[in-house]
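Remarks on the overall topology
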Amino acid sequence: MGMSVGSPSGDEDEVVSAINTTPLVDVMLVLLIIFLITIPVAIQTVPVELPKEMNQPTTTKPENITIAVDVDGNIYWNAQLVPDYNELFERMKEIAVKNPQPEIHIRGDQSARYEYVGKVVLTCQRAGIFKIGFITEPPAGAIMAR
């Protein structure tokens, strides 16, 4: 009787270390076909000329009115404190009838609640002011385009 030492002679227990690339190739071909179909649709665009960003310095005319809103919601009419929104409304009604109507420039503090600035805009609308603008400061180091 003899005993065999070592690996058996059958090849059934061998580990296959090669990667099956057939599913990978199938997926890549499907993606290629999808991209070939969708690229012509994505390339067709409507020609639109977008506005250029331009930061222009404001020209202050004597008739322009600057309304400032600070962090606490205080309102300033050309650097004069306005006690409340009713007084602001009365002042705006007086200038709304002028021809040409002066522009209202609103300067809102960066930390102020939007509610305060919104109330000033609403007061302008109620008084019949048509020209409202917002004054902002460009970020530090911004280059002005001309």
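That block above? That's the structure.
Now for a look at the structure at hand. One numbering rule holds for all chains: residues counted from 1, following each sequence as written. Residues qualify for local features only when their pLDDT is at least 70, as the model is predicted, and side-chain atom pairs are given and counted only at 80 or more; totals for whole chains, interfaces and linings, by contrast, use all residues. To obtain the side-chain values, all non-hydrogen atoms of the structure were used and water was disregarded.

Thoughts on the sheet that holds strand β3 (residues 80-82)
- Between any two strands, pairing holds if DSSP finds at least two bridges. Numbered from the N terminus, helices here are DSSP runs of H or I no shorter than four residues, and strands are runs of E no shorter than two. Read across the sheet, 5 strands follow the order β3-β2-β1-β4-β5 without closing on themselves; strand pairing throughout is mixed. Two strands in the sheet have a free side with no partner beyond their single neighbour: β3 and β5 (132-134). Here the average twist between neighbouring strands, direction ignored, is 30 degrees.
- In the packing of helix α3 (residues 114-127) onto the sheet, the strands contacted are β1 (65-69), β4 (104-108) and β5, and the crossing angle to β4 comes to about 170 degrees. Lines fitted to C-alpha atoms define the axes here, with helix axes fitted over just the stretch in contact, and angles between the N-to-C directions of these axes take values from 0 to 180 degrees. Only heavy atoms matter for contacts: two residues are in contact if any of them lie within 4.5 Å across the pair.

Description of the nonpolar core
- Side-chain atoms within 4.5 Å link the members of a nonpolar core, which is a set of buried Ala, Val, Leu, Ile, Met, Phe, Trp, Tyr and Cys residues. Burial status follows relative accessibility: with a 1.4 Å probe on protein chains alone, a residue under 20% of its type maximum counts as buried, one over 50% as exposed, and anything between as partly exposed. Ranked by size, the top nonpolar core spans 20 residues in total, and within it I67, W77, L88, M92, I104, V120 and I129 carry the most contacts.
- Looking at this core, the elements that each hand over two or more residues are β1, β2 (75-77), α2 (85-96), β4 and α3.
- With 6 residues, α3 is the single largest residue contributor to this core.

A word on the layout of surface pockets
- Lining residues are those with an atom within 4 Å of a point, where the points come from a 1 Å grid over the protein atoms alone and group into cavities, where a 1.4 Å probe fits but cannot get out, or pockets, open sets with protein on both sides within 12 Å along at least five of seven lines. Grid points are joined across faces, edges and corners, and a volume is the space filled by probe spheres set on the points. Volume-wise, the largest pocket comes out at about 350 Å³.
- In terms of lining residues, the largest pocket is bounded by 13 residues, among which G108, D109, Q110, I135 and T136 are the most central.
- Among the elements that take part in the lining of the largest pocket, β4 stands out by supplying 3 residues, more than any other.
- Here the residues of the lining of the largest pocket are counted per class, giving 6 nonpolar, 3 polar and 4 charged. Each residue gets one label: Ala, Val, Leu, Ile, Met, Phe, Trp, Tyr, Cys and Pro are nonpolar, Asp, Glu, Lys and Arg are charged, and the others, such as Gly, are polar.

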